[in-house]
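One-letter residues, chain by chain:
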Amino acid sequence: MSSIDKSGTFSLGKRIVKRLGYGAMQLAGRGVFGPPKDRDAALAVLREAVASGVNHIDTADFYGPHVTNQIIREALAPYRDDLVIVTKVGARRGEDASWIPAFSGKELTQAVHDNLRNLGLEVLDVVNLRSMFDAHHPAEGSLEAPLTVLADLQRKGLVRHVGLSNVTAAQIAEGRRICEIVCVQNLYNLAHRADDALIDDLARQGVAYVPFFPLGGFTRLQSSTLSDVAGRLGATPMQVALAWLLRRASNILLIPGTASVTHLRENLAAGQLTLSPQTVAELDRIAA
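All values reported here derive from a predicted model rather than from experimental measurement.

A. Summary view of the overall build of the protein chain. Scanning the protein chain for helices and strands turns up 11 helices and 11 strands. Scaling as 2.2 N^0.38, a compact globule of 288 residues should have a C-alpha radius of gyration of about 19 Å, and the protein chain matches this with 18 Å. Dimensions along the principal axes, computed over C-alpha positions, put the protein chain at roughly 55 × 40 × 40 Å. When burial is assessed residue by residue, the protein chain has 52% of its 288 residues classed as buried.

Given below as C-alpha cells:
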C-alpha cells in the first residue's frame, strides 16, 4: 500500500477520492497571475501527482487566469476515469492581478464555460462557489442568487455537483435549500480552528471539508512548536500539519499545493506519518 492509499478515501459527490489530493494554484505565475517560470516543471508536478495515485485535483480558471487549467489539460488529458477535477467560480482577475467578485449570472455562466473549455471537459465534476463578500475570510451575505445560477447549470448537465468556498455556517444552510452541497472549502489548520464544530457537523452528514492554507497564519511561537514536533518525528512541519488534518476528521480532504516535484512527494508522504495521542494533544495546544 502506498503512502497516499494509507490516508484513506471519502466521497465527493458520487465519486470516491483519496483524501490526499493536489491543489494547482501554485502552478500559475507569481501571485497566481500569468504563466509559470517553468512550464515543463508545472507539467511534471501534475503528472507525478497522478502517477502517485492522486485522483482529486483542485483548480480554478481564475488562476492565471486560464493558465492553470490549460496546464492541467496539457499534462493530463485525456483524463483517467477516476480523476476528479474540482474548480471554483465567483471571482475574476483584474489587469493588476487583483481579485474581483464575479457573482452575476452572466459572469458565473461564462466562468463555467471557461473552465469547460480550458480543461477540455464536457461536464465539470464539482464547481465550488467562492464567496467574495470578503476575499480573504468568510463574511455573511446571501448566496441565493449565484447558487441559483449554478443549480440551473447543473440541471442543464454542465455541472455534476456544487460546493462552497470561504463561507459561513449560515451560508451553507442557505445553500442546502437551493441545491445539494457536496463539499466546503475554508481556511482551517492547527492554528486556525474556527470551523471545528462545522467540520464535525459536515462529517455527520457525509459532506467533505477541504481546508486550505494548512500552514497559513501561524505565529512565530506556533511555528516553533510545530517545528519541534516535526524534528522529533523526523518529518517536515508541512507533513505534520497535513497528518494532523488527516487525523482530525474522516471527511477532511487535503489539497496541498506546490510547483516542485520534490515538495509534492514530501506532502504525499504525510499519509504514512503516524501521530501518537500524546503528539496530537501537543499539537492541539497550538490553537489554545
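Once the structure has been displayed, the description carries forward.
B. Fine view of the pattern of salt bridges. Under the counting rule described, the total for this entry stands at 17 salt bridges. In this structure, R160 engages D125 in a salt bridge whose closest nitrogen and oxygen atoms are separated by 2.7 Å. Of the two residues, R160 sits in strand β9 (residues 159-165) while D125 sits in strand β8 (residues 124-130), which places them 35 residues apart along the sequence. On the basis of relative accessibility, which here comes to 8%, the residue D125 falls in the buried class. In this structure, R193 engages D284 in a salt bridge whose closest nitrogen and oxygen atoms are separated by 3.3 Å. On the criterion of sequence distance, the pair formed by R193 in the loop between β10 (181-187) and α7 (196-204) and D284 in helix α11 (residues 277-284) is long-range, its members being 91 residues apart. Relative accessible area serves as the criterion here: at 21%, R193 is assigned to the partly exposed category. On the basis of relative accessible area, D284 is assigned to the partly exposed category, the value being 30%.

C. Quick look at the layout of surface pockets. Approximately 660 Å³ is the volume found for the largest pocket. Residue composition of the lining of the largest pocket, grouped by class: 21 nonpolar, 8 polar and 3 charged.

D. Representation of the packing of helix α2 (residues 39-51) against helix α3 (residues 67-76) in the model. At a closest axis distance of 9 Å, the pairing of α2 and α3 adopts a crossing angle of 60 degrees. Considering the angle they form, α2 stands oblique to α3. For the pair α2 and α3, the crossing hand works out as right-handed. Every residue of α3 that contacts α2 at R39, A42, L43, L46, R47 and V50 is listed here: Q70, I71, I72, E74, A75 and L76. Looking at side-chain class alone, the contact of α2 with α3 contains 8 nonpolar, 1 polar and 3 charged residues.

E. Region of interest: the packing of helix α9 (residues 237-248) against α11. As a packed pair, α9 and α11 sit with axes 11 Å apart at the nearest point and diverge in direction by 105 degrees. Judged on the interaxial angle alone, α11 and α9 are roughly perpendicular. Packed against α9, whose contacting residues are V240, W244 and R247, the element α11 presents P277, V280, L283 and D284 at the interface. When its residues are assigned to classes, the contact of α9 with α11 shows 5 nonpolar, no polar and 2 charged.

F. Region of interest: the sheet that holds strand β5 (residues 84-89). Taken in spatial order, the 7 strands make up an open sheet running β3-β4-β5-β8-β9-β10-β11, and their pairing is parallel. The two strands at the open ends of the sheet, each matched to only one other strand, are β3 (22-23) and β11 (208-212). For β8 and β9, the ladder comprises 6 bridges, and the chain directions are parallel. Residue pairing for β9: R130 is matched across the bridge by S165.

G. The arrangement of the environment of L275 in detail. Along the polypeptide, L275 turns up in the loop between α10 (261-268) and α11. Sequence separation between L275 and K6 is 269 residues; the distance between their C-alpha atoms is 13 Å. Aside from chain neighbours lying at most four places away, what touches L275 is L233, V240, A243, W244, R247, V280 and L283.

H. Fine view of the pairing of β10. Buried residues dominate β10, accounting for 6 of its 7 residues. Crossover handedness for the path β9 to helix α6 (residues 169-176) to β10: right-handed. Pairing of β10 with β11, which is carried by 5 bridges, proceeds in the parallel orientation. Bridge pairing in β11 links V184 to Y209. A crossover connection joins β10 to the parallel β11 through α7; in handedness this β-α-β unit is right-handed.

Reading the values: rules and limits
Residues numbered from 1 in each chain as written. Predicted model: local features only at pLDDT ≥ 70, side-chain atom pairs only at ≥ 80, totals over all residues. Heavy atoms only, no water. Helix = DSSP H or I, 4+ residues; strand = E, 2+ residues; numbered from the N terminus. Rg over C-alpha atoms; globule rule 2.2 N^0.38 Å. Buried < 20%, exposed > 50% of the residue type's maximum accessible area, 1.4 Å probe, protein only. Salt bridge = Lys/Arg side-chain N within 4 Å of Asp/Glu carboxyl O. 1 Å grid on protein atoms, 1.4 Å probe; cavity = no way out; pocket = protein on both sides within 12 Å on 5 of 7 lines; lining within 4 Å. Points joined across faces, edges and corners; volume = space filled by probe spheres on them. Nonpolar A, V, L, I, M, F, W, Y, C, P; charged D, E, K, R; others polar. Axes fitted to C-alpha atoms, helices over the stretch in contact; angles between N-to-C directions. Parallel < 35°, antiparallel > 145°, perpendicular 65-115°, else oblique. Left-handed = near helix turned anticlockwise from the far one by under 90°. Contact = heavy atoms within 4.5 Å. Pairing = 2+ DSSP bridges. Right-handed = clockwise from strand over helix to strand, strands pointing away.

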